[in-house]
Amino acid sequence: MVKFRVCLILLLAAAAVVAEGAAKKPKKVKCKDKKYPNCYHKNLYCPTSCLRTCVVNCSSCKPVCIPPPPPPPSPPPPPPKRRGSPPPPSAPTPYPPPPPSPSTTPLPSPSPPPPPPPPISTTPLPSPPPPASPQSSSTGPKKVMCKNKNYSHCYLMEQYCPVACPDRCEVDCVKCSPVCNCNMPGAVCQDPRFIGGDGITFYFHGKKDRDFCIESDSNLHINAHFIAKKTATWDDRLDRLELVFDGEPIFLPNEEGFKWQPEISPRGVSVTMMQNTNSVEIEVEGNFKIKASVVPITEKESRVHNYDITSEDCFAHLDLSFKFYSLSNNVSGVLGQTYGSTYVSRAKLGVPMPILGGEKEFASSHLFATDCAVARFRGRFPSGDDDFSDKFEYANLNCAGRSDGHGVVCKR
């Protein structure tokens, strides 16, 4: 601001400058593309180089100047007059004819360029929009690759998830093609629907608000609670996973690829974010790997299973996929039993929803108990006494969803 000791004339001059500047306030602009939620409808202002002529680049969330349109071309100069030529006989006057007009419509006098039109697209005109990233389900399927060096023909070859699971799949390195996580042996998804280690799909008939033993062996015991949990209106940007290790909560940043390992613990324990939110991979090297994703129950699932879920009552559950690296032939549990070398499925095949019972066998007293009737847990890896089996590598098992929407078909 101007100091009081400046003379009146200077104050008036300063006021005039301020008034002129006020007439050129920077224009307020917004991103209008909902594909960019971090920038959508955020108030931004034009830079000083183009106070009134800019748009928002939604990908970078910054205002960008638009170059003004070029001025109209100036009219061509008239041809030189002929000095020595007599006028044509038919001319009414002795003067030479006027220069020919370049067009029937008189050219307008040059005028200042018109103001730029209002922006139609949120993408700035000087540069094309950035290509859509396949990593996000909102813009396209996720990009995945085979990471097993034993399959050189497919190793690190980039592929895209199928339409049925645009952000939850992995590559079958043998076939070198992407497969939905819920369509592979060891998957526990939906109501829940299991795909056993033998490749057979079945549904487990448990009981409401009870805990059941999913897998139990000498070195590993997994329980599950089959009832979905109520949550707020679903938003993929909000992380609903809560992780605890040895009684202590784990806090992970919302950053895909971030890997957490405990500072003091058995070696080989890790938790990796598979997406920015709601999806992790938990691994104990040489023992198991679990992929867990929080997913909402869809309207279609609600209709099929009579959940009566409305838009105000959103429920979510975990989609899980298991890989076991060290199981014995004595392994049991709803899913674990299907990995036994002598196991024969009791589920009725050929029906839309083959159901497997066993509530008394697999029920646990609480979520962290190892007291189900078929419990095998002893806190150590299988030894010779446990009849160890390594037959659980189903690289040549081909599973795919049926066209009628019921279950998964697996073939060797």
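The model shown is predicted, which means the values in this text are computed figures rather than measured ones. (Residues numbered from 1 in each chain as written. Predicted model: local features only at pLDDT ≥ 70, side-chain atom pairs only at ≥ 80, totals over all residues. Heavy atoms only, no water.)

S.K.: Mind showing me how you'd approach the state of the cysteines here?
M.R.: Counted by the stated rule, this structure contains nine disulfides. There is a disulfide in this structure between Cys31 and Cys58, and the S-S distance comes to 2.2 Å. On the S-S bond that ties Cys31 to Cys58, the torsion sits near 115 degrees, and the link is right-handed. Note that Cys31 is positioned in the loop between β1 (28-29) and β2 (44-45) and Cys58 in the loop between β3 (54-57) and β4 (62-65), a separation of 27 residues in sequence. Look at Cys31 and you get buried, because its relative accessible area is 0%. A disulfide bridge connects Cys146 with Cys173, and the sulfur atoms are separated by 2.1 Å. As the torsion about the S-S bond is roughly 110 degrees, the Cys146-Cys173 disulfide counts as right-handed. Taken together, the residues span a long stretch of sequence, with Cys146 in the loop between β5 (143-145) and β6 (158-160) and Cys173 in the loop between β7 (169-172) and β8 (177-180) at a distance of 27 residues. (Disulfide = S-S within 2.5 Å. Helix = DSSP H or I, 4+ residues; strand = E, 2+ residues; numbered from the N terminus. Buried < 20%, exposed > 50% of the residue type's maximum accessible area, 1.4 Å probe, protein only.)

S.K.: How should I be thinking about the pattern of salt bridges in this particular structure?
M.R.: Should their charged atoms come close, side chains of opposite charge can pair. If you walk through the whole model with that rule in mind, you get six salt bridges. The partner of Glu158 in a salt bridge is Lys143, with the nearest N and O atoms 3.4 Å apart. Taken together, the residues span a long stretch of sequence, with Glu158 in strand β6 and Lys143 in strand β5 at a distance of 15 residues. Residue Glu158 is classed as partly exposed on the basis of its relative accessible area of 49%. Here Glu170 and Lys291 are joined by a salt bridge, their closest N and O atoms 3.0 Å apart. Of this pair, Glu170 sits in strand β7 while Lys291 sits in strand β20 (residues 288-296), and the two are 121 residues apart along the sequence. Where salt bridges share partners, they join Glu170, Lys291 and Lys323 into one cluster. (Salt bridge = Lys/Arg side-chain N within 4 Å of Asp/Glu carboxyl O.)

S.K.: What is the right way to look at the confidence of the model for the protein in this model?
M.R.: Fine structural detail should not be taken from predicted coordinates in areas where pLDDT scores are low. On average, the protein scores 74 in pLDDT, and the residues at 70 or more come to 67%. Below pLDDT 50 for its whole length, residues 1-22 participates in four contacts with residues either more than four positions away or in separate chains. Ignoring residues within four places in sequence, the model shows residues 390-412, a span with pLDDT below 50, making 54 contacts including any to other chains. (pLDDT = per-residue confidence, 0-100. Contact = heavy atoms within 4.5 Å.)

S.K.: In this structure, what is going on with the sheet that holds strand β23 (residues 363-364)? I would like to understand it.
M.R.: The strands that make up a sheet pair up through hydrogen bonds in the backbone, lying either parallel or antiparallel. Here three strands make up an open sheet; going across it, the order is β13-β12-β23 and the pairing antiparallel. Here the strands that pair on one side only, and so sit at the sheet edges, are β13 (220-225) and β23. One ladder, built from six bridges, connects strand β12 (residues 211-217) with β13; its direction is antiparallel. Each bridged residue has a counterpart across the sheet, and for Cys213 the counterpart in β13 is Asn223. (Pairing = 2+ DSSP bridges.)

S.K.: Can you walk me through the environment of Ser293 in this structure?
M.R.: Within the secondary structure, Ser293 is located in strand β20. Each C-alpha atom, one on Ser293 and one on Asp319, is 5.2 Å from the other, the two residues being 26 residues apart in sequence. Once you skip the residues sitting within four places of it in the chain, Ser293 turns out to touch Arg168, Asn278, Ser279, His317, Leu318 and Asp319. Here Ser279 takes part through its side chain, which lies 3.0 Å from a polar atom of the side chain of Ser293. (Polar contact = N/O pair within 3.5 Å; in protein donor to acceptor, adjacent residues only side chain to side chain.)

S.K.: Sorry if this is basic, but what is going on with the nonpolar core here?
M.R.: One recurring pattern in soluble globular proteins: nonpolar side chains tend to sit buried together. Ranked by size, the top nonpolar core spans 43 residues in total, and within it Phe194, Ile214, Leu252, Val280, Phe322, Phe324 and Leu335 carry the most contacts. Of all elements in the fold, only β11 (201-204), β12, β13, β18 (269-273), β19 (279-284), β20 and β21 (314-324) reach the threshold of two or more residues within this core. Here the element with the most residues in this core is β21; it accounts for five residues. Here Val280 is in contact with Leu241, Leu243, Leu252, Val271, Thr272, Met273, Met274, Ile290, Lys291 and Ala292, once residues within four sequence places are set aside. (Core = buried A, V, L, I, M, F, W, Y, C linked by side-chain atoms within 4.5 Å.)

S.K.: I tried to follow the pairing of β7 on my own but got confused; where do I start?
M.R.: When a strand is regular, its side chains alternate between the sheet's two faces. Sheet analysis places β7 next to β8, joined by four bridges and oriented antiparallel. Bridge pairing links Cys169 to Cys180 in β8. Hairpin remark: β7 followed by β8, antiparallel, with four residues in the connecting loop; positive phi at Cys176, about 55 degrees.

S.K.: Just checking my understanding: could you explain the side chain of Asn287 for this structure?
M.R.: Relative to the assigned elements, Asn287 resides in the loop between β19 and β20. Leave out the neighbours within four places in its chain, and Asn287 touches Asn219, Leu220, Lys323, Phe324, Tyr325, Ser326 and Phe381.

S.K.: I'm lost on the packing of aromatic side chains in this one. Help?
M.R.: Working definition: an aromatic ring pair is given by the centre-to-centre distance plus the angle between the planes. Enumeration over the complete set of coordinates arrives at six aromatic pairs. An angle of 5 degrees between the planes, with centres 5.2 Å apart, marks the rings of Phe194 and Phe202 as stacked. Take Phe194 and Phe202: they sit in the same class, and that class is buried. Look at Phe204 and Phe212: their rings are 5.3 Å apart centre to centre, the planes differ by 75 degrees, and that puts the pair in the edge-to-face class. Comparing Phe204 with Phe212 shows no difference in burial state: the two are buried. Ring pairing ties together the aromatic residues Phe204, Phe212 and Phe362, which thus form one cluster. (Phe/Tyr/Trp six-rings, centres within 6.5 Å; stacked < 30°, edge-to-face > 60°.)

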